[in-house]
Amino acid sequence: ATVCAALVETTGYDCAWIGDIDGQTGSISVTTSAGRCPAGVGDEFEGMLGETTIRQAIWTHEVQTTATTAEDPAFDWRAESEQAYTERAVAAVPITRGGTLYSVCCVYTDRSTAFGSDERAILSQLGAVVGHAIAASERTQALMSDELIEVDLQIPALFAQPTPSPTDWAVDITQTIAVSDDEYI
């Protein structure tokens, strides 16, 4: 809510909202919004102003914008989709960190000069910063939690062959925590 409110209060956007994406169904549920949002924000996502621009941002993980023009139906998963037209300028900002898509932030404005290259760069940075904050919060919650996830990796006969066959996977250990002198998690 703070991000949306700040965007509306300080940047001149008419509306800002953040929505979560269901990776299996592709559905988007608006979790918070601020300002004078178009009809349908907070309700069903289908048919929302800027819908195909939003889906394009989700799929490409890049800021996408449109301003009073036709939207690209190639990024609409519905076979019967028609070309949509926006009434105002829309920017869809993917909130990401390290290749993980957390959500999408959309801003709307009536400004005819909205979303130039500098503004898009700032919005892209906003998506990265919010994504970093979400990742840090999740990491903190995991470290503060009493829950522990232990993974045992067993590879039978890994060294039995004279020359191991090449694999197309890797295991990266990004962090360990010492629990005793010679034991780590």
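Above: the structure in question.
The model shown is predicted, which means the values in this text are computed figures rather than measured ones. (Residues numbered from 1 in each chain as written. Predicted model: local features only at pLDDT ≥ 70, side-chain atom pairs only at ≥ 80, totals over all residues. Heavy atoms only, no water.)

### Here we look at unusual backbone geometry
Link 1 in the chain: Phi angles above zero are rare outside glycine, and His61 is one such case at about 60°.
Link 2 in the chain: If you trace the backbone, His61 turns up in the loop between helix H2 (51–60) and strand E3 (64–66).
Link 3 in the chain: Under the relative-accessibility criterion, His61 is labelled partly exposed at 34%.
Link 4 in the chain: Of note in this structure, Phe115 is not a glycine but carries a positive phi near 65°.
Link 5 in the chain: Taking relative accessible area as the criterion, Phe115 reaches 3% and is therefore assigned buried. (Helix = DSSP H or I, 4+ residues; strand = E, 2+ residues; numbered from the N terminus. Buried < 20%, exposed > 50% of the residue type's maximum accessible area, 1.4 Å probe, protein only.)

### A few points about the pairing of strand E2 (residues 28–35)
Link 1 in the chain: Pairing analysis gives 7 bridges linking strand E1 (residues 15–21) to E2, with the strands arranged antiparallel. Residue pairing in the sheet places Trp17 in a bridge with Ser33 of E2.
Link 2 in the chain: Adjacent in sequence and paired antiparallel, E1 and E2 are bridged by 6 residues, among which Gly26 carries a positive phi angle near 80°. (Pairing = 2+ DSSP bridges.)

### Side note on the sheet that holds strand E5 (residues 100–109)
Paired through backbone hydrogen bonds, the strands of a sheet run either parallel or antiparallel to each other.
Link 1 in the chain: Strand order in this open sheet of 5 strands is E2-E1-E5-E4-E3, and the pairing throughout is antiparallel. Two strands in the sheet have a free side with no partner beyond their single neighbour: E2 and E3. The mean inter-strand angle of the sheet, taken between neighbouring strand axes irrespective of direction, is 15°.
Link 2 in the chain: The pairing of strand E4 (residues 89–97) with E5 spans 9 bridges and is classified as antiparallel. Within E5, the residue paired with Arg97 across the bridge is Thr100.
Link 3 in the chain: On the sheet, H2 packs against E1, E2, E3, E4 and E5 and is oriented at approximately 165° with respect to E3.
Link 4 in the chain: Along the sheet face, helix H3 (residues 117–144) touches E3, E4 and E5 and points at about 35° away from the line of E4. (Axes fitted to C-alpha atoms, helices over the stretch in contact; angles between N-to-C directions. Contact = heavy atoms within 4.5 Å.)

### Quick word on the nonpolar core
Link 1 in the chain: Core analysis: the biggest nonpolar cluster contains 19 residues, and Leu7, Tyr13, Ile95, Cys105, Val107, Phe115 and Leu123 have the highest contact counts within it.
Link 2 in the chain: Counting only elements with at least two residues in this core, the list comes to helix H1 (2–11), E1, E4, E5 and H3.
Link 3 in the chain: Not counting residues within four places of it along the chain, the set of residues in contact with Leu123 comprises Tyr13, Val63, Ala91, Val93, Val107 and Phe115.
Link 4 in the chain: If you look at the next biggest cluster of nonpolar residues, it comprises 12 residues, including Trp17, Ile28, Ile54 and Val90. (Core = buried A, V, L, I, M, F, W, Y, C linked by side-chain atoms within 4.5 Å.)

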